[in-house]
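Architecture and fold: a report
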Amino acid sequence: MSSLSKGIERKNINIKELLAQKAMYVVLIGLLILIAAFEPKFLSLNNFTNIFSQSSTRIIIALGSAMVLIVQGVDLSAGRMIGFAAVVSASLMQQVTYAYRMYPNLAELPIIVPFLVVMAVCAIAGMLSGIVVSKCKVPPFVATLAMQLVLYGLASIYFDRPPYGAQPIGGIDYKFTKIATGSIGIGSFRIPYLIIIAIIIAAIIWVLWNKTKFGKYMYAVGGNPEAAKVSGVNVDRIQILVYTLAGAMYAFAATLEVARIGSASNTTGNGYELDAVAAAVVGGVSLTGGIGSVGGVLIGVLIFTVINYGLAFIGVNMYWQYIVKGLIILFAVILDMRKYTKKK
């Protein structure tokens, strides 16, 4: 074979590999072009701002789930943990003058307090899941499924309390809702606070994953736990830390979600865990562990937000959105298996 033929063949292989690695970026761009073809007005600054705003809390949740996937785990408790954090944080963020206040004698709390309380509680819940997985060797699916049920029970007990019973916890103080609905900018160009918060969290997680010993060990544990253990990595400790940090991230996102919606109930967050796992996998986080990036997770979340927002914008039946989501998830998993199974 001539050197020219070898060069062309090598170039073709590189192009195929590049397309495989960046396939989800192509999918996102393709979705935007397709939707814009039906409705050119979709490509507006206002719509993109709405898409990023709606993605903000989901990005934080998906990054937490992605960490668990990277260490060869899966967290089915994320949605119910969000629900538990939501009802607790909502009860702490109510206006002091609200007639149906859960704690009528509670003084007005600083903004940071509800965040810290639920983050601490959910970090403990995540830590317990991590201990059960790492120390007791219970499969992550079973351990987090059990935690899911426990948290839903606790959230329901907390939510359905006298004297008001099971009604949405509302009356959220304006200083909290402003965090989720406010924006900063000049004139018509404004950036919602939620987007800024999501960017900051994503940047912190990127540094954690790529520039710290914890991140290095996290990928090592996910890639090959036995090899990591032989190399001196405390595998159990890393797994516990990952589940703990993920729990804190779910709680932080839940509190922002309460501020955005303006209320909470024991069903808040239902199904979020599946959306988060799907977004992470679509964004290139390998189901076999050890592989994933912050940028990929962001793209995964944006793809699903574009599907939800974009298809609704052009009037596509909601049922078709499920079909499109399912096909994209299937495509992502097939891509994942083809890309990474060969490397392991």
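Structure shown above.
Here's what I pulled together on the structure shown here.

Looking at chain direction, strand 1 (residues 183-186) and strand 2 (residues 189-192) are connected through four bridges and run antiparallel. Pairing of Ile184 across the sheet is with Ile191, part of strand 2. Where strand 1 folds back on strand 2, the antiparallel hairpin that results is connected by two residues, among which Gly187 adopts a positive phi of roughly 60°.

Among the structural elements, Asp173 can be located in the loop between helix 6 (140-159) and helix 7 (174-181). One buried charge, Asp173, has no salt-bridge partner; the nearest side chain with opposite charge is Lys175, at 5.3 Å. Not counting residues up to four positions away in its chain, the partners in contact with Asp173 are Met93, Gln94, Gln95 and Glu108.

Before going further, it helps to examine the environment of Arg101. Within the secondary structure layout, Arg101 lies in the loop between helix 4 (78-92) and helix 5 (112-134). Take Arg101: its relative accessible area is 5%, and that puts it in the buried class. When the C-alpha positions of Arg101 and Val242 are compared, they lie 35 Å apart, and in sequence the two are 141 residues distant. Apart from residues lying up to four places away in sequence, Arg101 is in contact with Gln94, Gln95, Val96, Leu106, Ala107 and Tyr164.

If you look at the biggest cluster of nonpolar residues, it comprises 99 residues, and the most contacted ones within it are Leu63, Trp209, Met218, Val242, Tyr250, Leu256 and Ile303. By residue number, the principal contributor to this core is helix 11 (residues 235-261), which donates 14 residues. Leave out the neighbours within four places in its chain, and Trp209 touches Leu63, Ala66, Met67, Ile70, Gly215, Lys216, Met218, Tyr219, Gly292, Ser293 and Val294.

This part takes up the packing of aromatic side chains. For the coordinates displayed, the defined rule picks out seven aromatic pairs. Seen from their ring centres, Phe42 and Tyr309 are 6.4 Å apart, and the 45° between their planes marks the pair as tilted. Residue Phe42 is located in the loop between helix 2 (23-38) and helix 3 (45-70), and its partner Tyr309 is located in helix 13 (residues 294-313); the two are separated by 267 residues in the primary sequence. Note on Phe42: relative accessible area 0%, which makes it buried. Geometrically, the ring pair formed by Trp209 and Tyr219 is edge-to-face, given 6.4 Å between the ring centres and 90° between the ring planes. Taken together, the residues span a long stretch of sequence, with Trp209 in helix 8 (residues 193-211) and Tyr219 in helix 9 (residues 213-223) at a distance of ten residues. Just as Trp209 is buried, Tyr219 falls in that class too. What links up through ring pairs into an aromatic cluster is the set Phe42, Phe48, Tyr309 and Phe313. Taking NZ or CZ as reference, Arg58 lies 3.9 Å from the ring centre of Tyr272, over its face.

Now for the environment of Met249. Positionally, Met249 belongs in helix 11. Take Met249: its relative accessible area is 7%, and that puts it in the buried class. The sequence separation of Met249 and Gly64 amounts to 185 residues, and the corresponding C-alpha distance is 6.1 Å. Not counting residues up to four positions away in its chain, the partners in contact with Met249 are Ile60, Leu63, Gly64, Met67, Ile201 and Ile205.

Criteria and thresholds
- Sequence order as written defines the numbering, with residues in each chain counted from 1.
- Where totals are concerned, whole chains, interfaces and linings use all residues; where local detail is concerned, this predicted model gives features only for residues with pLDDT of at least 70, and gives and counts side-chain atom pairs only at 80 or more.
- Excluding hydrogens and water, the side-chain figures rest on all heavy atoms present in the structure.
- Only strands that DSSP links by at least two bridges are regarded as paired with each other.
- Helix and strand labels come from DSSP, where a helix needs a run of H or I of at least four residues and a strand needs a run of E of at least two; each type is numbered from the N terminus.
- Type-normalised accessible area, obtained with a 1.4 Å probe on protein chains alone, sets the label of each residue: buried when under 20%, exposed when over 50%, and partly exposed for intermediate values.
- When charges are tallied, Lys and Arg are placed among the positive residues and Asp and Glu among the negative ones, while His and the ends of the chain are skipped.
- In what follows, salt bridge is the name for a side-chain nitrogen of Lys or Arg lying within 4 Å of a carboxyl oxygen of Asp or Glu.
- Residue contacts follow a heavy-atom distance rule, with two residues in contact if any of their heavy atoms lie within 4.5 Å.
- Think of a nonpolar core as a cluster: buried Ala, Val, Leu, Ile, Met, Phe, Trp, Tyr and Cys residues, connected wherever their side-chain atoms sit within 4.5 Å.
- Any two of the Phe, Tyr and Trp rings considered here, Trp counted by its six-membered ring, make a pair once their centres fall within 6.5 Å; the pair's planes then place it as stacked at under 30 degrees, edge-to-face at over 60, or tilted in between.
- Geometrically, a charge over a ring is one whose NZ (Lys) or CZ (Arg) sits within 6 Å of the ring centre while staying within 35 degrees of the ring normal.

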